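Letter by letter, the chains look like this.
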Amino acid sequence: MMLTHAGLHRPRLPDLLADQNLAAGITWASGELPSAAVLAAPFRQWVRAD
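Residues numbered from 1 in each chain as written. Predicted model: local features only at pLDDT ≥ 70, side-chain atom pairs only at ≥ 80, totals over all residues. Heavy atoms only, no water.

Observations regarding the overall build of the protein chain
In plain terms, the rule: Numbered from the N terminus, helices here are DSSP runs of H or I no shorter than four residues, and strands are runs of E no shorter than two. For every residue, the accessible area (1.4 Å probe, protein chains only) is compared with the maximum for its type, and the residue is labelled buried under 20%, exposed over 50%, or partly exposed between those bounds. Using a 1.4 Å probe, the Shrake-Rupley method yields the accessible areas, and only the shown protein chains count as cover for residues.
Each helix and strand in the protein chain was counted, giving 1 helix and 0 strands. Looking at the protein chain residue by residue over its 50 residues, the buried ones come to 4%. Total accessible area on the protein chain is roughly 4700 Å²; 68% of this is exposed by carbon and sulfur atoms.

Following this line, the structure appears as structure tokens:
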């Protein structure tokens, strides 16, 4: 038996492409937060050194 996306009964996001776009956005954003924290430390040190 093959399960299709329509068979999942997802009322909020019936479009598979919209669901994938939302998941990609969440994944990208969650990866940017640690990067910003890592870049903040040298930036603070650089500002304090001036």
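After that view of the structure, there is still more to cover.
Re a nonpolar patch on the surface
The criterion, for reference: Nonpolar side chains (Val, Leu, Ile, Met, Phe, Trp, Tyr) within 5 Å and like charges within 9 Å form the patches, drawn only from residues with over 30% relative accessible area and no salt bridge. Salt bridge criterion: a side-chain nitrogen from Lys or Arg within 4 Å of a carboxyl oxygen from Asp or Glu.
On the surface, Phe43, Trp46 and Val47 cluster together to form a nonpolar patch covering roughly 350 Å² of accessible area. Structurally, tryptophan 46 can be placed in helix H1 (residues 16-49).

A look at the packing of aromatic side chains
As a reminder, the rule being used: Here the aromatic set is Phe, Tyr and Trp, taking the six-membered ring for Trp, and pairing holds for ring centres within 6.5 Å; pairs whose planes are under 30 degrees apart are stacked, those over 60 apart are edge-to-face, and all others are tilted.
For the coordinates displayed, the defined rule picks out 1 aromatic pair. Note on phenylalanine 43 and tryptophan 46: the rings are 5.8 Å apart at their centroids and 55 degrees apart in plane angle, and the pair reads as tilted. Note that phenylalanine 43 and tryptophan 46 are positioned in helix H1 at a spacing of 3 residues, about one turn of the helix. The class for phenylalanine 43 is partly exposed, based on a relative accessible area of 48%.

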